Structure formats: structure tokens, C-alpha cells
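Breakdown of the fold
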Amino acid sequence: MKLASTGRLAALFSSSPRLEHRTELRLQRPGWDDVSASNVAVVVRSQGDTWRHKGELDLQIEGLRVGENDAGSQHQTLTLDLDRRKPSLRLGLTSHAGLKLALDAALAFDRKARALRCDIKGDLPPLGALTPLLAKAQVPAELDPSRLALNVELHGTLLGVLTDIAADGTPSMVPSPLRTASFEGKAVVDVRGIRWRQASQSLNLPALHWEVESLADGPRRLVHSNLTVEKLSVGMSERRLSFADVSSDTTATFTEKLEAGEIELKQLLKVRSLEQRPALPYPVQDLEWSFSARREPNGVIHLPDLQLTNAGTSTQLKVKGRLELSDDRRRLALRGELEQDMSKLTRPGLIESSGKVTVNFQVASPNLVVFRTLADLLLHNVNLRLPESGVAIEMLDGSVPLTENVEFTQGQVQLLSDIDVNPYSMHRFADQHPLLSRNGFISVGSITTPFISIAPMAGNLSINQSRVSISQLEMGVRGGRVTGQCMLDWQGKHSTLEAHVRATGVKSSRGEPFDGNAAVVISGKDRSVNGRAEILRIGNRHLLDLLDLEDPRHTDPATNRVRYALGLGYPEHVRVSFNHGFGRLSITMGGLAKLLSIDEIRGIPMGPIVDRLINSMSPPEATP
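Fair warning: this is a prediction, and the values are worked out from it, not measured in the lab. (Residues numbered from 1 in each chain as written. Predicted model: local features only at pLDDT ≥ 70, side-chain atom pairs only at ≥ 80, totals over all residues. Heavy atoms only, no water.)

Our next topic: the pairing of strand 5 (residues 39-48). Judged from the 10 bridges that link them, strand 2 (residues 18-28) and strand 5 form a sheet pairing that is antiparallel. Counted as the bridge partner of Arg22 is Arg45 from strand 5. Note that strand 5 and strand 6 (residues 52-66) share 10 bridges and pair antiparallel. By the bridge assignment for strand 6, Val40 is matched with Ile61. If you look at the hairpin formed by strand 5 and strand 6, you'll find 3 residues sitting between the two strands. (Pairing = 2+ DSSP bridges. Helix = DSSP H or I, 4+ residues; strand = E, 2+ residues; numbered from the N terminus.)

And the structure:
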């Protein structure tokens, strides 16, 4: 180690003595942990008096090594210029070799205007071989700083904070700086090479540009922010999202009294494209999100305009409403509309569609725990075809009311019943229901599936919580007509189906006509069927299929006797009744079979039949 210092002191006994100083420190082969160098030279220079002083620190490092990395030579110079009369301060950092750091910061206080002028410009390039030094500075290990670069520029004036700066540098502040502070100026930030990886999550942001401008007009403050990102990649477990050309334009307007004044916020967010892997059938292109909000001093937040548009699929969402977050009230009321052009969802070989779907909805909550949703699903000339599954729907029109009440607690959503939300519905329901019900309708030109074809179909459809009901149903099936009404209370494997239907002239797969009616209640929870059914006309082959459903192994003597009788005659009348999970079957035969004695088939267990029905309706469980 070698240390040398020289200097000169002038005007020692004056009010402002002058000093010129130079100190040099040289170290050979210094080391700290896994950081070492062959030579280090530090030179400190200063000159000036007690009112104006300039300083310089020059650092030169040769043969710098960080772990196994060779960082080469480093040469940086830091300069300082202090003027206590103005007062002002200027800092500068210049790189001559190695890491190309740059800093130019100037602060000047105007005593007359009580304003602090700031002009700062800095540039931090990728650290390269010096990257391991960040680990010693406790930078998170999830951040990869090898390509990280930062450029910052700030120009503006700070008002309403400082009243004076004394000769010794002590600042004097206003009584309430947070209330009176304002900044008029602009900041620009450019960041490159942001990469973050943690477990199954990752973030890759090659470049980011952010501009913030602040203005003050008396007590009114305005902050405008513009953020642009050319590309952003986000990894989440087995899914990856890639955003392209993202921009966010935000404007906030408020007063110096935040708690007592209004706050207005406007934002416009644009995303040119979003790619998803694995790919989803819903493309995202030219996505645009915009909203404006205004908060009143009493805690009420007005949302006059919120829009979300996906031009790639012609999807548009519009919402307006209000949110109250006062000390004693937490309420929400929203009204909106969702529109979808079905033709924009067409994917060759996967889905073909046309028409228009609109959802008008209202959401209300008295406590931000229970949410009540009223919606109307409007269908206009919708046509849908799924080539792979062989399903086709043509000329679908309708208006379907939907009512859903949910409870959001501890991060979980639970579907509520009407009784949980409104006990009033329990009293005099028969008197009040005609005034409270919301009617809907649906009509379909044709429905084609691999199992059945329906043409046409019409009825009144509504969805209330977990209950799906359809009344005044009329549909054409296999040359005949089916009418009636039904209600499904979907509770998974504990669902309940209640149906009152009548079929006329419906032909089986073998062309045999069928006439009949039924009124049944099927309970998945009890695995039972209750009700009755009467068959006025049925073909032999059709009845044999029904008998196979009850006795697939042909082991029941009474059922086998009916099978034998069908070889001699035909069924004239069939009556089926269900009670407490068991069925009874009574058949009247015609032709030569009338001479045979056919006993009533009793004790038919309905549990296995209900199980097969529920399993056919339940979606398959996802495999882990």
C-alpha cells in the first residue's frame, strides 16, 4: 500500500479560506472474498473555499477478477461541484475504461420561488463480468442481471416542500409537505433485459420505455404516464403467454387535499397480439382496455365508462356503475353489456359459427361478500357447427334470463340459493312469483347430433341459480312432436330432474311410431324415480329395447313372458309407475298375445338406471 497527500491552504485568516488538495492511494494485489485485482489507484482532488468547492475522485483498477470472471481494467471518475450561495449541487460520473457508467445530476434551489430544480441523467449498461457483485448486494437470486440495463432522465421543479436552505446546508420545510408538494417536469426511464425466474414462473421483458409528466395548476395536480413494451413473455407452469406491442396511457387528476378532494383516473391499455401456448381457440388481437373513474371525498367511486374490446374476435364489453368504500358501507352496483360476433370465432376444422350473442347484465352487492347477478342472454340467428363431434345448431334465436347469487369469502366462490339471499321468497310464493318472474324464449331451426336430430324446437327457457327450466316446450323429433315442460336442479351427482312431457308420432330407429306421456321426478341424491308414464302406441322392437333396459340379462321370468308374447301379438297399452325407487310395469297385449295371461312386473329397481343416466350427464373428471 502507498499513500501520498499534498495540498495548499490560502487566506487562512479570512472569512473564506481556500484549499487545494490531492491525495493518492495505491494498493497492490488487494482482495476481498472472491474479488481481487493486481493494482488499485484512488486519487482524490478538491479545491475551493467554504462557499464554493469542487472535488474529484478518480478510481483505476487493473486486473480485476470476480470469482472466475475476468473483469479487466476499470477506470471511473466522480466529480462534485457545491455552491452554497445559490445554493446548488452538481454530481458527475464518467467512465474511461471498463463498465461504461454515466451520471450527470444537478440540483439548484431558488430562494425567491422556493423551488428546487432537478436535472438528472444516468446510464447503467449491462454489468457483464461484474454481475456476480450483485449477489453480495443481496439482489434477489431470481433476477438475472446479466443483460439488465437502465437509463434514467429527470427534468423538473419541486415546489411546496422547501422554504429555504441555510448556509450550512440545513433545509427548512413547510408544515405539511405531503399536502402542498407538487412537481412540474418529466421523467423518462428505459429498461432493457429484465429476466425473472422463480420455480415454475418466469418473466422476460427485453425492453421497456416509461414516460411520466407531472403538472400543477394551483391546488390541482395532474400526472400523465405513458408505458410501452415491445414484447413481454410470461411463463406459468405449463402455460406461456407472449404479449406484443403493449402500451398503457394513464392520466390521474387530484388536488393537494387527497382525502377531501376528488380524484379522477383515466387509462387506455392496448395489446397488439397475445399468443398462448398451448394455443387456445380464442385468439387475442388488437386488444384495447379503457376506463375512467372518479372518487368522491365520501368514498364513492363512480365508473362512468369501462370498455374492453378484442378486435380479433369482435368481442366488446361495456360496463358502468359505482363502488362505495366508506367506513360504514361497502357496496357495488354495475350494469354492462357483452357483445360477440360469432362469425369471428370460426376456426376451420374446429368450429364454424355465425350470428350475434349479447349478454345484458347487472351486478349488485350490499357488502362485497354476496353478489347478485341478473342477466339476459340474447341470441340472434346463431348458427354453430362442430365438425369433429358432429354437432350442428341452425337458426338459434332467443332471450334467456339468468339469475346467479354467489358468496365470495376467503378467496372462494360459493353459489347461493334464493333462500340464502332473500327469505322473502319463502312467503306467499304462489302470489308473488307471477310478479317477480322473468320470462324468456328460445327457438331453434334444427339441432343435429350423432344420437338425435331435432327440428324445429321452441320453448321458454330460464336459468335461476343451479336450476334450468323450460316450459311450453315444442320440438320435432323423428317425424313426431314432443311437448311439455321440465326443470333440472343441477347439483352434480345429486341433481334432480322433473319432467312433464307428451310425445306424438315419434318414430324409433326402426320406424315404429310412439305415442305417450310421462310425469316423473328423477333424484340423483336418492337414486330414485317417482311418477308415472303411459304409452298409447309403441312398436314391438321398441318395447323389447325398454325391457332390455330393465332386464338386460333376460333372467326375469315375468319379463321373459312379455318377450314371448311379443312374438305372437303387439302391445296395445303400456303403463309404468314409479314409487320410492321401484317401478311397476303393466302391459295390455293385442292379437294372439291377448289369449296369454301377462302379469304386472313389479319391484323394478331404478337405482342402476339412474346411475347410468347421471354418468352419461356428468362431464369426465380431468386426470392429474
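Glancing now at the packing of helix 5 (residues 540-550) against helix 6 (residues 557-566). The contact between helix 5 and helix 6 brings their axes to 11 Å, and the two run at 165°. Taken together, the axes of helix 5 and helix 6 are roughly antiparallel relative to one another. Considering the relative orientation of helix 5 and helix 6, their crossing is left-handed. In contact with Asn540, Leu543, Leu544, Leu547, Asp548 and Glu550 of helix 5, helix 6 contributes Thr559, Val562, Arg563 and Leu566. (Axes fitted to C-alpha atoms, helices over the stretch in contact; angles between N-to-C directions. Parallel < 35°, antiparallel > 145°, perpendicular 65-115°, else oblique. Left-handed = near helix turned anticlockwise from the far one by under 90°. Contact = heavy atoms within 4.5 Å.)

Moving on: the side chain of Ser202. As for its position among the elements, Ser202 is in strand 15 (residues 201-217). On the basis of relative accessible area, Ser202 is assigned to the buried category, the value being 14%. (Buried < 20%, exposed > 50% of the residue type's maximum accessible area, 1.4 Å probe, protein only.)

Our next topic: the pairing of strand 7 (residues 69-83). The pairing of strand 6 with strand 7 spans 13 bridges and is classified as antiparallel. By the bridge assignment for strand 7, Gly55 is matched with Leu80. In textbook terms, the turn of a hairpin is the stretch between consecutive antiparallel strands, and for strand 6 and strand 7 this stretch comprises 2 residues, one of which, Gly67, has a positive phi near 65°. When strand 7 meets strand 8 (residues 88-97), the two strands line up antiparallel, connected through 9 bridges. Directly across from Thr79, in strand 8, lies its bridge partner Gly92.

Moving on, we get to the packing of aromatic side chains. Enumeration over the complete set of coordinates arrives at 1 aromatic pair. An angle of 65° between the planes, with centres 5.9 Å apart, marks the rings of Trp289 and Phe291 as edge-to-face. Judged by its relative accessible area of 28%, Trp289 is partly exposed. Sitting over the face of the ring of Trp51, Arg84 holds its NZ or CZ atom 4.8 Å from the ring centroid. (Phe/Tyr/Trp six-rings, centres within 6.5 Å; stacked < 30°, edge-to-face > 60°. Lys NZ or Arg CZ within 6 Å of the ring centre and 35° of its normal.)

Below, the discussion takes up helix 5. Regarding helix 5, the residues found buried are Leu543, Leu544 and Leu547. Here the buried residues of helix 5 occupy an arc of 105° about the axis, which is enough to place them on one side. On its buried face, helix 5 sits against helix 6, strand 34 (569-579) and strand 35 (582-591). (Arc of directions from axis to C-beta.)

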